[in-house]
Each structure stands twice: as C-alpha cells, then as structure tokens.
2 protein chains.
Amino acid sequence: MSALRFERVALIGIGLIGSSLARVLRRDGLAGEIVACARQAATLDAVRRLGLADRVTAEAADAARDADLVMICTPLSAYAAIGRAIAPVLKPGAIVSDVGSVKGAVVRELKPLLPPGVHLVPGHPVAGTEHSGPEAGFAEMFHDRWCILTPLPDGDADALERVGALWRAAGMKVVTMDAEHHDKVLAITSHLPHLIAYTIVGTATDLEDTLKSEVIKFSAGGFRDFTRIAASDPVMWRDVFLNNREAVLEMLQRFTEDLTALQRAIRWGEGDKLQELFTRTRAIRRSIIEAKQA
Amino acid sequence: MSALRFERVALIGIGLIGSSLARVLRRDGLAGEIVACARQAATLDAVRRLGLADRVTAEAADAARDADLVMICTPLSAYAAIGRAIAPVLKPGAIVSDVGSVKGAVVRELKPLLPPGVHLVPGHPVAGTEHSGPEAGFAEMFHDRWCILTPLPDGDADALERVGALWRAAGMKVVTMDAEHHDKVLAITSHLPHLIAYTIVGTATDLEDTLKSEVIKFSAGGFRDFTRIAASDPVMWRDVFLNNREAVLEMLQRFTEDLTALQRAIRWGEGDKLQELFTRTRAIRRSIIEAKQA
C-alpha cells in the first residue's frame, strides 16, 4: 500500500467525481493530506461538512503547492486558468492528472503551461451519475468501471503507473490509449448520447403546455431514460462539446444519415428495413451484458 | 371483487405484457378461466410450463369463443387477422380490448370487423421492459404506472368501467383520452425515444471493428442506456412506427430541427446556447421525479 500512498493530494474541483475520489482516498488511507479546491463557498462548506478534505481553499495555487498529486476535477474550460495558476508552485516530480471527458484538446492546452520536471498524466474515469456536487459523490462509483489514461508519448512511466494504481485502488479497470482515439470512442459512447438526450428533452420542453404535462406523466415509455441523461451537469457538458467538436460532429453526421434513412423507411412503410435494424441492435445489447457493462 | 371477475378471459398473444396480465389474473383470482393463444409452439409450451393459463391454443377463434373478455396482446400488425378470426365466435356483450402502443389506426381497423353487441375498449398500459416473451413477464410490472384507455365516442360505459377496474387491480392509474391525442403523446414520450435509441445503436454497429469493440467496453458513459431501449421487441416496434407514422414523423421533424441547431452551436463554438439548453432540460427531470415517474 505504501507505494500507492501520496503525501499530499490536491483535488482541484470537488464535485461528483472529485468528491468520490476523495472518499476513496479517505477510505483506503491513500493520501497523507487531502487539499480540496473549489471556487464556490457553498462547495467548500459542503466539503468541510462532509469531512472530505483535510484542508479547503478557493485558490488552485494554494492547493497545488507541495502536492505530490494534483488531480483536476473541474469542467474543461477551467483547465487553462488552473494550469497557469498552479505552474509556478508545482514542486519538481509532482504529478498533474485529470478526470476530463475529452483528452486531445485539453492536453494540448495544458501541457505547455506546466514546468519541466512535472509529470502530466491525462485520465478519464468513465463513471458517473446524473447528479452533481460533493454531496452526490460516493466511493463505490468507480467500482468495475473503466479508467482510460492517455499518456503523452514522452510521459514519465512511473507517474503513469502511480496514477493507474490509484484508479485500480478505486476499483477501476485501467487501460491506456492515444488521446485522439479516446476522443473518438467517447464521442459515440458518451458525447453523442448526451447530445441526443439533451435534444429530445429540449424538444419536449418546447411542446404546447397541454402536451408537456402529459409528457411528464407518461414518461415511463422511454422518455424517462433520456431525461436522466439530460439532467447531467450543464457546464461540464457544454465544455465537452466545445472541446471534442470534430469527433462529435463526425459521429453526429453518421447518426443523422442513419436517422434520415429510418425516417424515409417510416414514411414509405418499409417495415422490413425497420425490423432488420431493430433486430441487429439487439445483438449489441447482448454484447454489453456479456461484457458486464450493463 | 366479484364485479371485477370475468368468467373467461382470452389472451390473444402472451408475451411480456400478456403474460404479466395473466400473472395478475392468477394472483388476484380475477378470471374463472384463462385461455392463452399464441402462434408459436414454443410460446405455448412456456405458458404451460409457467402455469399461466388454464388452456392454450394456437387459434384465436378457439380462445375467443365464449370469452367475456378478449385481450389482444400481439404486435399491431396481427390485429386485422385476429379481428376477422374472432368476429364470428364472439358472444353478445363480450368485451374486446388490447394493450397496443398505437390506438388511432388500430381502432379504425379493428372496429368495423367486430359484430354489433360486442364492446371494443382500446387500451394501452404504459409499462414494460426491454425483454420479450412469457418468461419475461411479472405481475408487478404495472404497479404505479399509467394505463390509457381510448374509448370510442359511442362506446359502452359499463365495458369501459370493467376494463378500467381490471387495470386498477393490476396497480395501474387509469386515464381516458382521445385515441389521436394518445398517439401524439406517445410519439414523443415513447416512439421517438425508441427510434433514436435504435438509430444510435445502429450507427455504432456500423463502425469499424476496432472502434466497435471499444464502444461495448466503454458503454457506461451513456450509450448503455440506449442499448437497453434498443433491445426491445423488433416486430412490436416495427408495427408501432408503421401505425403511428404521422405523429412520429411530426415529432421527428421537430427533433431534427433542434438537433441541427445544436450541431450548428457546436460547430461555431456557441457555448452559451449549449449551456442554456442543458440547464433547461434539468428542470423536466425534476418534474418527472416530483411526478414519481422516475
């Protein structure tokens, strides 16, 4: 366990993911000291009340000073400012990692800001719920889920191993891949589903009032599942789409083509085409159940 | 309880919904005799094995003869043939009802086939899972969900009351509405969500093989929820889209416009537009939780 332990961990941003990680660190005694940083006083109050950190601060530099591990758990749009704020105070050999849902653009932005001798290990624990904030976190959230690390070609092997070991301690299965590939995979498995869920819930929101109240009433027929996804953190998701633009637009284009083909099949009453697709999609569900990701 | 009881109930089609209803009838002693009808021998075997009916048959007319209540629980495309088969044997005063997800087109088709003195009470218990077949049913499926009845303007009030009482006994909250209105509400709450889920899972299925295996692996980020919806019965859903064409195409058109606007916002980096929508959609989730439909 000692190789796993960090003397001081700074969590920059302590919402759903950050607070869940804090709970893991606490539970397993993986950090000598946890310093939590958040901009909003209400968040810091919650962190104090929940006992998630040894120290709280509103200043990223204050949190990162002398930290062995700085884990950025904020929306992506905050990364550049955080990078600039912490760069002067990072100690040599410190590891900077993150939990962001996009890797390529972010790493390109963050890397040049960090001083030599500091190790950047970009990461993405693929786990979460539709809830936000430190109260919503829980240590078991990572259990049996995947964590994707996207190390830089010239990245430090030891730092990579330490971050990987941390997520494995949280119960995750850790894989590494290229940042661009990560962004492509997540565009279809996560970003596009969220975009579509947000859209259909928005479409329903814009309906005439009489229809709208009934949409809520009869949501159990499928719509409900979309509203859960579309209740995810708005700022976090705004940043995801702005930072993974190319891959999302590419997948969206494919989706739109497929949807148009189905629309046409419905209009022309081509039942065989519909049934063929609906039968094919069942198979992928079975694969997910077999892969124990259901 | 005696006013609720039917001497003989014929279940034409005994998959997920029909078998769940059979379990309710059994549990509460609501039927003197249950006759189950299915085309496939394997289904009838399962019904026998599970003890869901007193008698099984492959002929709809055989099941409907002397029944007080004939409940059609098949895909919509079978309705016309069933109507023609059972019409000659229905006893005066018999109630014919159904559980189909589309009402307008189906009622227009079924009504003229039935003899005078037989009461048609179209219904739609809004409940289900992604599983199919008699093994997948369970009596609690209807609990606390809505059942929509769409009585004909000249329909029999007593027959309507008896069918409503049956679904209430199953634990459902029963409402009545116009068939066309039902089809509009369900187009947005159920049919469009299913169409979109089928589409995105199809889009993922068509990806290059290397990407596809990773889609399954990392499905927890949102995609997984769509695969569950897209695992629903292919024939049932084919029939839904073919029979609720106008309402589905209308909602699909609205959805596509909204999706195109979001696509444009992503392309041009309009973060404020994205955040504004993502914030609005959270509210509808809260309404669903408050309406206890989450």
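Everything numeric here is computed off the predicted structure, so don't read it as measured data. (Residues numbered from 1 in each chain as written. Chains lettered and ligands numbered in written order. Predicted model: local features only at pLDDT ≥ 70, side-chain atom pairs only at ≥ 80, totals over all residues.)

### Here's the deal with the overall build of chain A
- Each helix and strand counted, chain A has 12 helices and nine strands in total.
- Taking 2.2 N^0.38 as the reference for a compact globule, 294 residues should give roughly 19 Å; the C-alpha atoms of chain A span a radius of gyration of 21 Å, in line with that estimate.
- Projected onto its principal axes, the C-alpha coordinates of chain A cover approximately 65 × 40 × 35 Å.
- Looking at chain A as a whole, 54% of its 294 residues qualify as buried.
- Of the contacts formed within chain A by residues at least 6 apart in sequence, a portion of 76% connects residues at least 24 apart. (Helix = DSSP H or I, 4+ residues; strand = E, 2+ residues; numbered from the N terminus. Rg over C-alpha atoms; globule rule 2.2 N^0.38 Å. Buried ≥ 20, exposed ≤ 12 C-beta atoms within 10 Å, placed from the backbone. Contact = placed C-beta atoms within 7 Å.)

### Examining the relation of the copies chain B and chain A
- Each copy superposes on the other: chain B lies on chain A with an RMSD of 0.0 Å after a rotation of 180° and an axial shift of 0.0 Å. Each copy turns onto its partner about a two-fold axis. Proximity to the rotation axis, assessed at the C-alpha, singles out Asp225 of chain B in chain B; its C-alpha lies 3.5 Å from the axis. (Least-squares fit on C-alpha atoms with pLDDT ≥ 70 in both.)

### With respect to the packing of helix α7 (residues 179-205) of chain A against helix α11 (residues 245-267) of chain A
All names here are of chain A.
- Where α7 meets α11, the axes come as close as 9 Å, and the angle between the chain directions of the two elements is 65°. The interaxial crossing formed by α7 with α11 has right-handed handedness. Contact with α7, carried on its side by Asp183, Lys184, Ala187, Ile188, His191, Leu192 and Leu195, involves Ala247, Val248, Met251, Leu252 and Phe255 of α11 and no other residues of that element.
- Here the contact of α7 with α11 is built from residues that sort into nine nonpolar, one polar and two charged. (Axes fitted to C-alpha atoms, helices over the stretch in contact; angles between N-to-C directions. Left-handed = near helix turned anticlockwise from the far one by under 90°. Nonpolar A, V, L, I, M, F, W, Y, C, P; charged D, E, K, R; others polar.)

### Here's the deal with the pairing of strand β4 (residues 69-72) of chain A
Residues and elements named next belong to chain A.
- Side chains Leu69 and Met71 project from β4 onto one buried face, and the interleaved Val70 and Ile72 project onto a second face that is buried too.
- Here four bridges tie β4 to strand β5 (residues 95-98), and the two strands are oriented parallel to one another. Its bridge partner being in β5, Val70 is matched across the sheet by Val96.
- Since β4 and β5 lie parallel, the crossover through helix α4 (residues 79-86) that links them has a hand, and here it is right-handed. (Pairing = 2+ DSSP bridges. Right-handed = clockwise from strand over helix to strand, strands pointing away.)

### Describing the interface of chain B and chain A
- Taken residue by residue, the interface counts 78 residues in chain B and 78 residues in chain A.
- Sorting the residues of the side of chain B that touches chain A by element identifies α7 (179-205), α8 (209-217), α9 (223-229), α10 (234-243), α11 (245-267) and α12 (271-290) of chain B as the ones contributing at least two each.
- Top element by residues in the side of chain B that touches chain A is α7 of chain B. It accounts for 19 residues.
- Residue composition of the side of chain B that touches chain A, by class: 44 nonpolar, 19 polar and 15 charged.

### Some remarks on the sheet that holds strand β1 (residues 6-12) of chain A
Residues and elements named next belong to chain A.
- Pairing within the open sheet is parallel, and its six strands lie in the order β3-β2-β1-β4-β5-β6. The outermost strands of the open sheet, each flanked by one partner alone, are β3 (55-57) and β6 (119-121). Put simply, the sheet's adjacent strands are angled 20° from each other on average, direction ignored.
- By the bridge criterion, four bridges tie β1 to β4 in an arrangement that is parallel. Its bridge partner being in β4, Ile12 is matched across the sheet by Ile72.

### A word on the domain arrangement of chain A
Residue and element names in this part refer to chain A.
- We note that the domain assignment places domain 1 (6-177) and domain 2 (181-290) within chain A.
- The partner domain 2 presents 16 residues to the 15 residues of domain 1 that form the contact.
- Take the side of domain 1 that touches domain 2: its biggest share by element is three residues, from helix α5 (residues 104-110).
- Looking at the side of domain 1 that touches domain 2, its residues break down into seven nonpolar, six polar and two charged. (Domains from an automatic or database assignment.)

### Structural notes on the nonpolar core
- In terms of nonpolar packing, the biggest core is built from 207 residues, with Leu11 and Ala36 of chain A together with Leu11 and Ala36 of chain B touching the most fellow members.
- Sequence-distant contacts of Leu11 of chain A, that is, excluding residues within four places in its chain, are made with Gly18, Leu21, Ala22, Ile34, Ala36, Cys37, Met71 and Cys73 of chain A. (Core = buried A, V, L, I, M, F, W, Y, C linked by C-beta atoms within 7 Å.)

### Digging into the sheet that holds strand β4 (residues 69-72) of chain B
Residue and element names in this part refer to chain B.
- The strand order β3-β2-β1-β4-β5-β6 describes an open sheet built from six strands, whose pairing is parallel. This sheet does not close on itself; its edge strands, each paired only once, are β3 (55-57) and β6 (119-121). The mean inter-strand angle of the sheet, taken between neighbouring strand axes irrespective of direction, is 20°.
- As defined by bridge partners, strand β2 (residues 31-37) adjoins β3 across three bridges and the pair is classed as parallel. Note that in β3 the partner of Val35 across the bridge is Arg55.

### Let's talk about the environment of Gly51 of chain B
Residues and elements named next belong to chain B.
- Inspection of the secondary structure puts Gly51 in the loop between α2 (41-50) and β3.
- Its 10 C-beta neighbours within 10 Å are what place Gly51 among the exposed residues.
- Once the C-alpha coordinates of Gly51 and Arg26 are considered, the two residues, 25 residues apart in sequence, prove to be 9.4 Å apart.

### Some details on the environment of Ala283 of chain A
Residues and elements named next belong to chain A.
- Looking at where Ala283 falls in the secondary structure, it is placed in helix α12 (residues 271-290).
- Of the residues examined, Ala283 has 12 C-beta atoms within 10 Å and is grouped as exposed.
- For the pair Ala283 and Glu140, spaced 143 residues apart in the sequence, the C-alpha separation amounts to 29 Å.

### Side note on helix α8 (residues 209-217) of chain A
- Restricting attention to buried positions, one finds in α8 of chain A the residues Glu214, Val215 and Ile216 of chain A.
- On its buried face, α8 of chain A is in contact with α7 and α9 (223-229) of chain A together with α7 and α12 of chain B.

### With respect to the environment of Lys91 of chain A
- Within the element layout of this structure, Lys91 of chain A appears in the loop between α4 and β5.
- Sequence spacing of Lys91 of chain A and Gln275 of chain A is 184 residues, and the spatial spacing of their C-alpha atoms is 60 Å.

### Quick word on the packing of α12 of chain A against α10 of chain B
- α10 of chain B packs onto α12 of chain A with a crossing angle of 140° between their chain directions and a minimal axis gap of 9 Å. As far as their axial angle goes, α10 of chain B and α12 of chain A are oblique. Seen from above, α12 of chain A lies across α10 of chain B with right-handed handedness. Taken together, the residues of α10 of chain B that come into contact with α12 of chain A (itself represented by Gly271, Leu274, Gln275, Phe278, Thr279 and Arg282 of chain A) are Pro234, Val235, Trp237, Arg238, Phe241 and Leu242 of chain B. (Parallel < 35°, antiparallel > 145°, perpendicular 65-115°, else oblique.)

### Observations concerning the pairing of strand β2 (residues 31-37) of chain A
Residues and elements named next belong to chain A.
- With five of seven residues buried, β2 is to be regarded as a mostly interior element.
- Judged from the six bridges that link them, β1 and β2 form a sheet pairing that is parallel. Residue pairing in the sheet places Ile12 in a bridge with Cys37 of β2.
- In the classification by handedness, the crossover that spans β2, the intervening helix α2 (residues 41-50) and the parallel β3 is right-handed.

### Comments concerning unusual backbone geometry
- Not every positive phi belongs to a glycine, and Asp66 of chain A is a case in point at roughly 65°.
- Among the secondary structure elements, Asp66 of chain A is positioned in the loop between α3 (60-64) and β4.

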